[in-house]
Amino acid sequence: MHQFFEIFGKQPTLFASAAGRINLIGEHVDYCGGPVMPASLNLCCAVYAAPNGTEFVNVYADDLQETAHLPLSDLDSCKSLHWGKYQAGVLSVLKEEGYPLMGCDLYYSCSVPFGSGLSSSAAIEVATAVTMCALAGKEYDLKELAVLCQKAENTFCGVNCGIMDQFASAMGRKDKAILLNCKTLEYEYIPLELGEYELIVANCKKPHALVTSKYNERRAEVDEALALLQKELPSARCLADITPGEFERAKHVLPPLLEQRARHVVLECARVREAAAALRMGDIKSLARLINASHDSLSKLYEVTGKEPDALAYAARETDGCIASRMIGAGFGGCTISLVERGKTEAFKKAVGEKYHAATGYEAKFYDTSIEDGVTVYKL
Ligand code: GLA
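Before going into details, it helps to say that this report is about the structure given with it. Here the structure is a predicted model, which is why all the values come from computation and not from measurement.

### Section: the site of the ligand
Around the ligand lies a shell formed by Arg21, Glu27, His28, Asp30, Tyr31, Cys161, Gly162, Met164, Asp165, Tyr215, Gly329 and Ala330. Relative to its unbound accessible area of 310 Å², the ligand is 94% covered by the protein chains. For the shell around the ligand, a count of residues per class yields 5 nonpolar, 3 polar and 4 charged.

This is the structure we're talking about:
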């Protein structure tokens, strides 16, 4: 890799990568202990690495052409960095947990678009954690690393995210969706066989604004809703423990806005269970209905979509060959997934791009995606 040589003056000794993700269904429920169904993408964060014998981890981004120097002895000083903050967070948590860390040079090449709802931050975190372990020759458990990466994002980066993204990035498998219970971290793989349909990922290209603060605001709302519902349902440990029937009986304790938020979570959890059964049975029409219902709920009840993601999803749904479309990820911009008949995908992209542009003035971007293993690591 001659670019590594140009930047760091030596050859890399290790390659590691971790994936971005889509999520079939189960949005804004991971932090409520709910089930989710993500899958890891071919879009990933790749890291080329070599030890450097210093007390610094130097991280270079090939797109920004920028290097941050992270001092292992004072990682807190990196909290305000734009580039390097996520890596510093991971290093800081690994250090706290007693993982061996060594000074090294890391070259990042990330094909997951930033701020797109495809989890570029989780990909960077997981790739960094795996690289640090592999360089130090330390055995690691990918599930445990995913949890530590989430902790880094929560405590160091100030984003109160759930576990879905880091888990999908670390544990994804080729051509499989992961059915993950975010309360227990039990999981199983379900073959992502969509019959005559293909998944199309589209980016609405609206610059994200205030995602972190709105995301944290939703978390606070559902925490408050849970505390109120527990007066009626004392055995519920999280919103995902509440069935739709129990919710109907207990909802009178909630003010209207919190009822709306909690209703999204309770019904979305039920939809994920139905969707997993539908996917296993090859019932793609039912899966499509649930995916559409998920978007509508995110839009109307949870209010995390916004004009552009709504326009993109609805333009997709009214286009020939498309049976489902929804926004994925935190929201307020980002990407959609659509289920589109094979053979109609090129016409679909063209038509949706035009309709979306007419409605919003933005150019949607479509990606060539496939579902691949989450993590790859090898010595060079
Ligand atoms: C972001 C977070 C995840 C999850 C999704 C919404 O991607 O990182 O933990 O909450 O939003 O489902």
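### What to know about the packing of aromatic side chains
If you walk through the whole model with that rule in mind, you get 9 aromatic pairs. With a centroid separation of 6.2 Å and 80 degrees between ring planes, the pair formed by Tyr48 and Tyr107 is classed as edge-to-face. Of this pair, Tyr48 sits in strand S3 (residues 38-51) while Tyr107 sits in strand S6 (residues 104-110); the two residues are 59 residues apart in sequence, bridging distant segments of the chain. Both residues of the pair, Tyr48 and Tyr107, belong to the buried class.

### Considering the environment of Lys95
Positionally, Lys95 belongs in helix H2 (residues 85-96). A relative accessible area of 42% means that Lys95 is categorised as partly exposed. Taking the C-alpha atoms as reference, Lys95 lies 8.7 Å from Leu72; in sequence the two are 23 residues apart. With residues up to four places along the chain from it excluded, the contact list for Lys95 reads Leu72, Ser73, Leu75 and Leu101.

### Regarding the pattern of salt bridges
Tallied over the full model, the rule gives 26 salt bridges. For Lys183, the salt bridge identified is with Asp241, shortest N-O distance 2.9 Å. On the criterion of sequence distance, the pair formed by Lys183 in the loop between strand S7 (176-181) and strand S8 (187-191) and Asp241 in the loop between helix H6 (211-232) and helix H7 (244-250) is long-range, its members being 58 residues apart. You can call Lys183 partly exposed: its relative accessible area is 44%. Put simply, Glu274 and Arg289 hold a salt bridge, and the shortest N to O gap is 3.3 Å. Of this pair, Glu274 sits in helix H8 (residues 256-281) while Arg289 sits in helix H9 (residues 284-300), and the two are 15 residues apart along the sequence. Arg289 sits in the partly exposed class, given a relative accessible area of 47%. Because the salt bridges share partners, they merge into one network encompassing Glu217, Arg218, Glu221, Arg261 and Glu303.

### Let's talk about H8
The terminal C-alpha atoms of H8, which comprises 26 residues, lie 37 Å apart, in line with the 38 Å expected from a rise of 1.5 Å per residue. Just downstream of H8 lies Gly282, where phi reads positive at about 75 degrees.

### A few points about the sheet that holds strand S11 (residues 335-341)
One open sheet holds the 4 strands; their spatial order is S10-S11-S9-S12, and the pairing between them is antiparallel. The outermost strands of the open sheet, each flanked by one partner alone, are strand S10 (322-327) and strand S12 (365-367). Shown here is a sheet whose adjacent strand axes are inclined to one another by a mean of 25 degrees, direction ignored. As judged from the 7 bridges shared by strand S9 (residues 197-203) and S11, these two strands associate in the antiparallel manner.

### A few points about the sheet that holds S6
A sheet is described by the order of its strands in space; here 6 strands give the open sequence S5-S4-S6-S3-S1-S13, paired in mixed fashion. Strands with a single pairing partner mark the edges of an open sheet, and in this sheet they are strand S5 (66-71) and strand S13 (375-379). Averaged over all pairs of adjacent strands, the angle between their axes in this sheet comes to 20 degrees, without regard to strand direction. Pairing of strand S4 (residues 56-61) with S6, which is carried by 5 bridges, proceeds in the parallel orientation. Opposite Tyr60, over in S6, you have Tyr107 as the bridge partner. The sheet strands contacting helix H5 (residues 164-171) are strand S1 (14-23), S3 and S13, and the helix crosses S1 at an angle near 130 degrees.

### Description of the nonpolar core
Counting residues in hydrophobic clusters, the biggest one holds 118 residues, and the most contacted among them are Ile22, Leu24, Met37, Leu106 and Leu118. By size, the runner-up hydrophobic cluster in this structure holds 14 residues, among which are Ala315, Ala316, Phe348 and Ala364.

### Quick look at helix H10 (residues 307-317)
Taken across its 11 residues, H10 has 8 buried, putting it largely inside the fold. Along its buried surface, H10 packs onto S9, H9, S10, S11 and helix H11 (345-360).

### A look at the side chain of Ser116
Counting through the fold element by element, Ser116 comes out in the loop between S6 and helix H3 (120-135). Using a relative accessible area of 1% as the deciding quantity, one classes Ser116 as buried. Of the polar contacts made by the side chain of Ser116, one reaches the backbone nitrogen of Leu118; its length is 3.3 Å. Those residues in contact with Ser116 that sit more than four places away from it in its chain are Asn203, Gly334 and Cys335.

Cut-off values and rules
- Residues numbered from 1 in each chain as written.
- Predicted model: local features only at pLDDT ≥ 70, side-chain atom pairs only at ≥ 80, totals over all residues.
- Heavy atoms only, no water.
- Near = heavy atom within 4 Å.
- Areas by Shrake-Rupley, 256 points an atom, 1.4 Å probe, with all protein chains shown as cover.
- Nonpolar A, V, L, I, M, F, W, Y, C, P; charged D, E, K, R; others polar.
- Phe/Tyr/Trp six-rings, centres within 6.5 Å; stacked < 30°, edge-to-face > 60°.
- Helix = DSSP H or I, 4+ residues; strand = E, 2+ residues; numbered from the N terminus.
- Buried < 20%, exposed > 50% of the residue type's maximum accessible area, 1.4 Å probe, protein only.
- Contact = heavy atoms within 4.5 Å.
- Salt bridge = Lys/Arg side-chain N within 4 Å of Asp/Glu carboxyl O.
- Expected span 1.5 Å × (residues − 1).
- Pairing = 2+ DSSP bridges.
- Axes fitted to C-alpha atoms, helices over the stretch in contact; angles between N-to-C directions.
- Core = buried A, V, L, I, M, F, W, Y, C linked by side-chain atoms within 4.5 Å.
- Polar contact = N/O pair within 3.5 Å; in protein donor to acceptor, adjacent residues only side chain to side chain.

These figures come from the coordinates and say nothing about function on their own.
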